[in-house]
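The primary structure of each chain is shown beneath.
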Amino acid sequence: MGHPASPVAGNGAGTPAIQLQGVTKVYGRGESAVVALRDINLTIAPGEYVAITGPSGSGKSTLMHLLGCLDRPTSGKILIEGQDVTRLSEARLAALRNRRIGFVFQSFHLMPRETVLRNVEWPLIYAGVPPSRRRERALEVLTQVGMAHRVRHRPQELSGGERQRVAIARALVNDPAFILADEPTGNLDSANGEQVLALLEELNAQGRTVILVTHDMGIAHRARRLIRVRDGRVEYDGGVSASQEGRRAVP
Amino acid sequence: MRTRELIGVAFGSIRAGGLRSFLSVLGIVIGVAAVIALVSVGQGAALQIRSQLTSLGSNLLTIMPSARTASGGRVSQEQLSGLTMELADELPLAAPAITAATGLVQSRATLVVGARNLSVGVMGVGEAYASLLNYRPIAGRFVQPRDGRERRMAVVLGFGVAQDLFGGEVPVGHDITLVFGGRPVAGVVVGVMEPKGALFFANFDRQVYVPAETLVARGLVPNRMGSYLAQTKEGVDVDDAVAQVTFFFDRRLGEPGIVQVASQQALLDAVRQATGTMTLLLGAIAGIALLVGGIGIMNVMLVAVAERTHEIGVRMAIGARRADILRQFLAESTALSVVGGIVGLLAGWAGGWAMSRALGFPFVISSQSVVLAIGFSMAVGIFFGIYPARRASRLDPVEALRYE
């Protein structure tokens, strides 16, 4: 550990997008307790493009769940846009996930029985957006990811790359501040993976904070900031090129 | 989440469930179908009995020897022998509430016409019988007082009897033979009655009507009336009429309690009571069927929640609140059981129609039973869906997402 604050974080007077203060996550109790994260301190500024890496079991998934407000830390504070989310009710957390966070998963996680359009509409349905407005907005984001020609198809009729683009459209539909992508290229060939990464970069260029969780260093190096997690601690937090040197030093 | 989306998702899941959805609601389908069909037949039967009672003519009283035992162990023959046709003639004069009355005796005989013969019920009656029952001859005439006084075997045929023995021919004036237990008695056809059908266990159309006095005088039946029918005056209180008739018979027979007087209202009450008992039984069947059906729904919903754990995790990640998940699964269980209820309703409707048809009852589907069927199946869906839906809504999003 030992990297106090991100160098990118101090670049303005604005509220950090995400702040973790002394976050610890323990699973289980007593003898069988497993510490997944220990005293994590992180600050992510709005508009950053961050890659989180680490070997399996390092705690990166736990970290992603906490950042995505799917779970609560055992101790410590998580501030999203200045708001302490560890104290929010379940319903407020759901609303936060719905409006501020867009998830992109490795296995796409689309609803198989529903059309592409419907899949993208769900976050809007949960947000209580009326049907006509919903359709319009869903078509807008599907156009943005180049999937507008497939709205009536079902997920299983699409290729992996197409499915992931639909999933990104779903993540975008409520205009979130953060995109949380968990191994988004893990199930894709390199060409499709490249397309997805290009999309994420485009979203970042639009000013959205993108957090990419991956174990693939090649992909991680596309980000501008790298956070490496090991044994529940932040092992490295800094620029991408510096990390490469550090990596070479420790084979 | 809005109702439209809820219903859309619910029916999507039911369709996707296919055979499994169908099997899970079979309990509801069978339960609702059984209740609808049985209630329909029960109401049809009650309606028919009521309309038959009404068709008997309004304000009828039945006077029967009491089943009650006397001091000697049973009502003596001597006391019963006081039950003559004359009492029926005197009753309207003595009891101001009564307009007409007749005595009745019953027997069986074989009717012989040429080479043909037919076993029939023989009803010994007085003239008032036809008017009391709104029962009219379509050919010839009914039994008249003179037939009785002259001890003539004037025979009026029920519609069915006339059809069977004479076909289309009008048999008035035809000589026939009635064989009572091997003893032939000559008679002549004086009339044919209109078709009237069955009432309780007696079919009017399969009987013949002769003067009661003739049967008694010729020793073809015991020397007394089997029962009496009396008609009360329009607007007279039934209880008053019953009291007057009871008083008359008790005085004439010299001892109270030899006969019992029953009003049609009492019969109607008995029918209503029987119908009520049946409704209660049907309610019990319905309750058990819906319980079993509900357990089927709960079972399939628990399976659905387990299977869709991952989907629930995804929904939570994209912003579904626990309440949204709860509502989604409740909508699904409710839709499932309401579909079952509707299918059961249609099946019960068809079944009730077929059974009424077969039994010759009028077909009745009350709007109440339709509303109850749909309402109850909806309630079952909600009640038995709550537990699985709560289970779904309480899943931990991280655990659910990890579940494959």
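Residues numbered from 1 in each chain as written. Chains lettered and ligands numbered in written order. Predicted model: local features only at pLDDT ≥ 70, side-chain atom pairs only at ≥ 80, totals over all residues.

(A) How the structure looks around the overall build of chain B. Within chain B, the secondary structure is distributed over 14 helices and 12 strands. A globule of 404 residues ought to have a C-alpha radius of gyration of about 22 Å, yet chain B, at 33 Å, is considerably larger. Projected onto the principal axes, the alpha-carbon positions of chain B cover approximately 105 × 50 × 40 Å. The buried share of chain B, reckoned over its 404 residues, is 43%. Of the contacts made within chain B by residues no fewer than 6 positions apart, 82% connect residues no fewer than 24 positions apart. (Helix = DSSP H or I, 4+ residues; strand = E, 2+ residues; numbered from the N terminus. Rg over C-alpha atoms; globule rule 2.2 N^0.38 Å. Buried ≥ 20, exposed ≤ 12 C-beta atoms within 10 Å, placed from the backbone. Contact = placed C-beta atoms within 7 Å.)

(B) Seen up close, the overall build of chain A. From N to C terminus, chain A includes 8 helices and 10 strands. Here the C-alpha atoms of chain A give a radius of gyration of 18 Å, agreeing with the 18 Å that 2.2 N^0.38 yields for 251 residues. Along the three orthogonal principal directions, the C-alpha set of chain A runs to about 50 × 45 × 40 Å. Buried positions account for 47% of the 251 residues belonging to chain A. Expressed as a percentage of contacts within chain A between residues at least 6 apart in sequence, the contacts between residues at least 24 apart total 69%.

(C) A look at the sheet that holds strand E1 (residues 18-27) of chain A. Residues and elements named next belong to chain A. In spatial order, the strands read E2-E1-E4-E5; together these 4 strands make up an open sheet with antiparallel pairing. For this open sheet the edge positions go to strand E2 (34-44) and strand E5 (83-84), each flanked by a neighbour on one side alone. As defined by bridge partners, E1 adjoins E2 across 7 bridges and the pair is classed as antiparallel. Bridging from a neighbouring strand, Tyr27 pairs with Val34 of E2. (Pairing = 2+ DSSP bridges.)

(D) Representation of the environment of Asp237(A) in the model. Mapping Asp237(A) onto the fold places it in strand E10 (residues 233-239). Along the chain, Asp237(A) and Val50(A) lie 187 residues apart, while their C-alpha atoms are 9.7 Å from each other.

(E) Quick look at the environment of Leu197(A). Residues and elements named next belong to chain A. Position of Leu197 among the secondary structure elements: in helix H6 (residues 190-205). C-beta crowding within 10 Å serves as the criterion here: with 18 such atoms nearby, Leu197 is assigned to the partly exposed category. Along the primary structure Leu197 and Ala45 are separated by 152 residues, whereas in three dimensions their C-alpha atoms are 20 Å apart.

(F) Main features of the confidence of the model for chain A. Residue and element names in this part refer to chain A. Mean pLDDT over chain A: 87, with 91% of residues reaching 70 or higher. Per-residue pLDDT stays below 50 along residues 1-13; that stretch engages in 19 contacts with residues further than four places along the chain or on separate chains. Contacts of residues 245-251 to residues separated by more than four positions or lying in other chains number 1 contact, the stretch itself having pLDDT below 50. (pLDDT = per-residue confidence, 0-100.)

(G) Up close: H6(A). For H6(A), with 16 residues, the first-to-last C-alpha span of 22 Å sits near the 22 Å given by 1.5 Å per residue. Looking at the packing, one finds that the buried side of H6(A) touches strand E3 (49-53), helix H5 (160-172), strand E7 (178-182) and strand E8 (209-213) of chain A. (Expected span 1.5 Å × (residues − 1).)

(H) The arrangement of the packing of helix H1 (residues 3-17) of chain B against helix H12 (residues 322-359) of chain B in detail. Residues and elements named next belong to chain B. Contact pair H1 / H12: the axes reach a minimum separation of 8 Å and the direction vectors enclose 60°. It follows from the interaxial angle that H1 and H12 lie oblique. Between H1 and H12 lies a crossing of right-handed hand. The segment H1 lies against H12, with Leu6, Ile7, Val9, Ala10, Phe11, Ser13 and Ile14 engaging Arg327, Gln328, Ala331, Glu332, Ala335, Leu336 and Val339. The class makeup of the residues in the contact of H1 with H12 is 10 nonpolar, 2 polar and 2 charged. (Axes fitted to C-alpha atoms, helices over the stretch in contact; angles between N-to-C directions. Parallel < 35°, antiparallel > 145°, perpendicular 65-115°, else oblique. Left-handed = near helix turned anticlockwise from the far one by under 90°. Nonpolar A, V, L, I, M, F, W, Y, C, P; charged D, E, K, R; others polar.)

(I) Seen up close, the domain arrangement of chain B. The assigned domain composition of chain B is domain 1 (3-52 + 269-402) and domain 2 (67-257). Taking the mean C-alpha position of each, domain 1 of chain B and domain 2 of chain B sit 54 Å from one another. (Domains from an automatic or database assignment.)

(J) Representation of the interface of chain B and chain A. Taken together, the 16 residues of chain B in the interface contact 20 residues of chain A. Within the residue set of the side of chain B that touches chain A, elements represented by two or more residues are H1, helix H11 (309-317), H12 and helix H14 (397-402) of chain B. Tallied by class, residues from the side of chain B that touches chain A come to 9 nonpolar, 2 polar and 5 charged.

(K) Highlighting the confidence of the model for chain B. Residues and elements named next belong to chain B. For chain B, mean pLDDT is 87; residues scoring 70 or higher make up 95% of the total. Mean pLDDT across the elements of chain B bottoms out in strand E8 (residues 198-199) (70) and peaks in strand E10 (residues 207-211) (95). Scoring the predicted complex yields pTM 0.71 and, for the interface, ipTM 0.88.

(L) Just H1(B), in detail. Residues and elements named next belong to chain B. Helix length check: H1 (15 residues) gives 21 Å between terminal C-alpha atoms against 21 Å at 1.5 Å per residue, within 8%. Along H1, the positions that sit buried rather than exposed are Glu5, Leu6, Val9, Ala10, Ser13 and Ile14. Angularly, the buried residues of H1 cover 165° about the axis, an arc narrow enough to put them on a single face. Of the exposed residues in H1, those oriented more than 90 degrees away from the buried face are Arg4 and Arg15. In the stretch just after H1, Gly18 is the one whose phi turns positive, near 55°. (Arc of directions from axis to C-beta.)

(M) Focus on the nonpolar core. By size, the foremost hydrophobic cluster in this structure holds 122 residues, and its most contacted members are Ile52(A), Val120(A), Ala169(A), Ile179(A), Leu180(A) and Ile211(A). Top contributing element to this core by residue count: helix H2 (residues 19-55) of chain B, with 13 residues. Sequence-distant contacts of Ile52(A), defined by excluding residues within four places in its chain, comprise Lys60(A), Leu63(A), Met64(A), Ile211(A), Val213(A), Ile227(A) and Val229(A). Among the nonpolar cores identified, the runner-up in size contains 60 residues, and Met85(B), Leu165(B), Val210(B) and Ala241(B) belong to it. (Core = buried A, V, L, I, M, F, W, Y, C linked by C-beta atoms within 7 Å.)

(N) The arrangement of the sheet that holds E8(A) in detail. Residues and elements named next belong to chain A. If you trace the 6 strands from one edge of the open sheet to the other, you get E6-E7-E8-E3-E9-E10, paired in mixed fashion. Of all the strands in the sheet, just strand E6 (101-104) and E10 have a single pairing partner and so form its edges. With strand direction ignored, the average angle separating the axes of adjacent strands in the sheet is 15°. Where E7 lies against E8, 5 bridges are found, and the strand directions are parallel. Across the sheet, residue Ile179 finds its bridge partner in E8, namely Val210.

(O) Looking closely at unusual backbone geometry. Positive phi, close to 50°, is recorded for Glu81(A), a residue that is not glycine. By the secondary structure assignment, Glu81(A) is in the loop between strand E4 (75-80) and E5. Overall, the presence of 17 C-beta atoms within 10 Å leaves Glu81(A) in the partly exposed class. Located in the positive-phi region is Asn134(B), a residue other than glycine, with phi close to 55°. Note that Asn134(B) resides in the loop between helix H5 (128-132) and strand E4 (137-140). Taking the C-beta count within 10 Å as the criterion, Asn134(B) has 13 such neighbours and is therefore assigned partly exposed.

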